[in-house]
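# Remarks on the overall topology
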Amino acid sequence: MSLPEAFTQRLEQIVPREQLETILRTFDTPKQVTFRVNTLKSTPQELELELETAQISYERVGWKTQFMEGVYRISPEDKLRLTSSDAFYGGRLYIQNLASMIAPWILAPQPEETVLDLAAAPGGKTLMLAGMMENTGWLSAVELSRERFFRLRDNLTAQGVTNAHTYMTDGRSVGKKCPEMFDRILLDAPCSSEARFKTHDPKSMSFWTIHKVKETSKLQRRLLLSAYDALKSGGKLLYCTCSFSPEENESPIQHLLERHGDRLNTLPLTLPFDNVQKPLERWGKEVFDARIQNGVRILPTDTIDGFFLCLLEKN
Ligand code: SAM
């Protein structure tokens, strides 16, 4: 099945023209499988030994930055061997796209802090936040969908997380219930998941319409306002999505800055690879606040999914 035509036309206007063909090809190709050590249960050295004993050949992901220690890649054909391993069943490794690992790394929670994950299931980023917090402090994980909420809880238990408190509730209500409570907040917003489209999996894109993108944008705006209310002065808020659409990325941040821009800065993001693009300066009739330029749009490759990230600080 081919990509929705309206999606491709919009993508042409979003990503750099000279990279469009390469980016479009990534939707056809199976991605390499990446995973990381769960530092609550193992260490990179121990996991590597386990993988070698199980005869799983891996490659370390090396961008010469500290955060990539304990991150590995294998080819898609070896995935079954990995998911049948003791390390996988024992929760000592977690399969996750590199783009998803980058969000907790940027938010950089510290031990003993209060941290909120406002749209948490199935919990891949919550697990990494807990690992970075060394299972200390207070980690609230919020999820609205009942089915996904129980998956989140099971995941946290299986991976040895003990500092998380889970809430099956609407993230839009959290700001008013918990004003100025958190040092750091991750809003990995529900989105149209455009970066997860796969041409060999029609279901991955069957629900996509421009109308859906615009509806999702409204939800994202309200979640962002809630996250802002829940953030302490001096706290950091990371907004991210796996969508390319400016309605779901630049626009919700613009909306937040229009309401609370006097108390918010954005912080520049430097990522350890080149397949990135600055946020758009305008989209249609909308001209975006220059502060949004500090965000980043990750362009997809055969290893990393597309992603948008913007880090804000409340002053
Ligand atoms: N952070 C997750 C991870 O890394 O595993 C992925 C989160 S996914 C992009 C967004 C999640 O938000 C979905 O699980 C969805 O059910 C949930 N969601 C949708 N609307 C919500 C709302 N109003 N409040 C809280 N969660 C919501």
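Residues numbered from 1 in each chain as written. Predicted model: local features only at pLDDT ≥ 70, side-chain atom pairs only at ≥ 80, totals over all residues. Heavy atoms only, no water.

### A look at the overall build of the protein chain
In terms of helices and strands, the protein chain carries 11 helices and 15 strands. Expressed as lengths along the three principal axes of its C-alpha atoms, the size of the protein chain is roughly 60 × 45 × 35 Å. Within the protein chain, buried positions represent 53% of all 315 residues. Expressed as a percentage of contacts within the protein chain between residues at least 6 apart in sequence, the contacts between residues at least 24 apart total 77%. Counting 39 positive and 41 negative side-chain charges, the protein chain places the centres of these two groups 5 Å from one another. (Helix = DSSP H or I, 4+ residues; strand = E, 2+ residues; numbered from the N terminus. Buried < 20%, exposed > 50% of the residue type's maximum accessible area, 1.4 Å probe, protein only. Contact = heavy atoms within 4.5 Å. Lys, Arg positive; Asp, Glu negative; His and termini not counted. Charge placed at Lys NZ, Arg CZ, Asp CG, Glu CD.)

### So, helix 8 (residues 146–158)
The end-to-end C-alpha distance of helix 8 is 19 Å, a good match for the 18 Å that 13 residues give at a rise of 1.5 Å each. Those residues of helix 8 that fall on the buried side of the exposure criterion are Phe-149, Leu-152, Asn-155 and Leu-156. Buried residues along helix 8 cover an arc of 125° about the axis, so they all sit on one side. Turned more than 90 degrees away from the buried face of helix 8 sit Arg-146, Glu-147, Asp-154 and Thr-157, all of them exposed. Each element contacted by the buried residues of helix 8 is listed here: strand 4 (93–95), helix 7 (124–132), strand 6 (138–143) and strand 7 (164–168). Following helix 8 by one or two positions, Gly-160 adopts a phi angle in the positive range, close to 80°. (Expected span 1.5 Å × (residues − 1). Arc of directions from axis to C-beta.)

### Overview of the site of the ligand
By nearness alone, 20 residues border the ligand, and Glu-143, Arg-148, Asp-170, Gly-171 and Asp-188 come closest of all. Separating a nitrogen atom of the ligand from a backbone N or O atom of Ala-119 is a distance of 3.2 Å. Interatomic distance of 2.6 Å between a side-chain N/O atom of Glu-143 and an oxygen atom of the ligand. Protein chains bury 87% of the 600 Å² of accessible surface belonging to the ligand in isolation. (Near = heavy atom within 4 Å. Polar contact = N/O pair within 3.5 Å; in protein donor to acceptor, adjacent residues only side chain to side chain. Areas by Shrake-Rupley, 256 points an atom, 1.4 Å probe, with all protein chains shown as cover.)

### So, the environment of Glu-180
Relative to the helices and strands, Glu-180 resides in the loop between helix 9 (174–177) and strand 8 (182–188). Put simply, Glu-180 and Tyr-228 are 48 residues apart on the chain and 8.2 Å apart in space, counted from C-alpha to C-alpha. For Glu-180, the residues in contact, after removing those within four places along its chain, are Asp-229, Ala-230, Leu-231, Lys-232, Ser-233, Arg-263 and Lys-314. A distance of 3.0 Å separates a polar atom in the side chain of Glu-180 from a polar atom in the side chain of Lys-314.

### Let's talk about the pairing of strand 15 (residues 307–314)
Of all 8 residues making up strand 15, 7 are buried, and the element is well covered by its neighbours. As defined by bridge partners, strand 14 (residues 296–298) adjoins strand 15 across 3 bridges and the pair is classed as antiparallel. Bridge pairing links Arg-297 to Phe-308 in strand 15. (Pairing = 2+ DSSP bridges.)

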